Amino acid sequence: EGRIPTAEDYPKLELCQQIFAEALRMYPPVWFMPREALEDYQLGDYLIPKGATVAVSQLVTHYDSRFWQEPMAFWPERHTKEAAHARPKFSYFPFSAGERFCLGEKFAWLEGVTVLAAMMHKWEFHYEGNRPINYVASLTLRPKHGMHLRVRARK
């Protein structure tokens, strides 16, 4: 349309939604969540005792080849509406899930997708690094060596 996309355009920004979703799959901002077992639970051969802390990891799940074909590849088309409905529950949860999901999730999607669309409308981004993008996992994930990008205005 020749103008910068706004929040009102969100429903039409399906490709940007898929790109944002795939970025969150590969690099979830919060990569694990500690939870307390409320009762004893038998998990296969293991007993998780009541009161134990269990770490649930988006990062591990989002790279699990049982749920994601070629999990190291960046494929936005994994996130079509049809593909999302076909995935097992809790195989994708960048904003947590269940009773303790992130209250800001809907706003994060609206903001992230709209900002991505607005940036891509005006600029081209090219990775200029000479090594793979690795990350540091502390409370959140961050690029270990930064992101070396060349930014050019679109014509």
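Here the structure is a predicted model, which is why all the values come from computation and not from measurement.

## So, the pattern of salt bridges
Inspection of the entire model under this criterion finds eight salt bridges. Between Arg-78 and Glu-22 there is a salt bridge; the shortest N-O distance is 2.8 Å. Of this pair, Arg-78 sits in the loop between α2 (58-62) and α3 (81-86) while Glu-22 sits in helix α1 (residues 14-26); the two residues are 56 residues apart in sequence, bridging distant segments of the chain. Neither residue differs from the other here; Arg-78 and Glu-22 are each classed as buried. For Glu-124, the salt bridge is made with Arg-154, and the minimal N-O distance between the two is 3.8 Å. Of the two residues, Glu-124 is situated in strand β5 (residues 123-127) and Arg-154 in the segment after β8 (149-153); the sequence distance between them amounts to 30 residues. Given a relative accessible area of 28%, Glu-124 falls into the partly exposed group. Assessed through its relative accessible area of 36%, Arg-154 is described here as partly exposed.

## Points about the environment of Pro-11
Its location among the elements puts Pro-11 in the segment before α1. In the structure, Pro-11 is positioned 99 residues away from Leu-110 in sequence and 9.5 Å away in space, judged by C-alpha atoms.

Cut-off values and rules
Residues numbered from 1 in each chain as written. Predicted model: local features only at pLDDT ≥ 70, side-chain atom pairs only at ≥ 80, totals over all residues. Heavy atoms only, no water. Salt bridge = Lys/Arg side-chain N within 4 Å of Asp/Glu carboxyl O. Helix = DSSP H or I, 4+ residues; strand = E, 2+ residues; numbered from the N terminus. Buried < 20%, exposed > 50% of the residue type's maximum accessible area, 1.4 Å probe, protein only.

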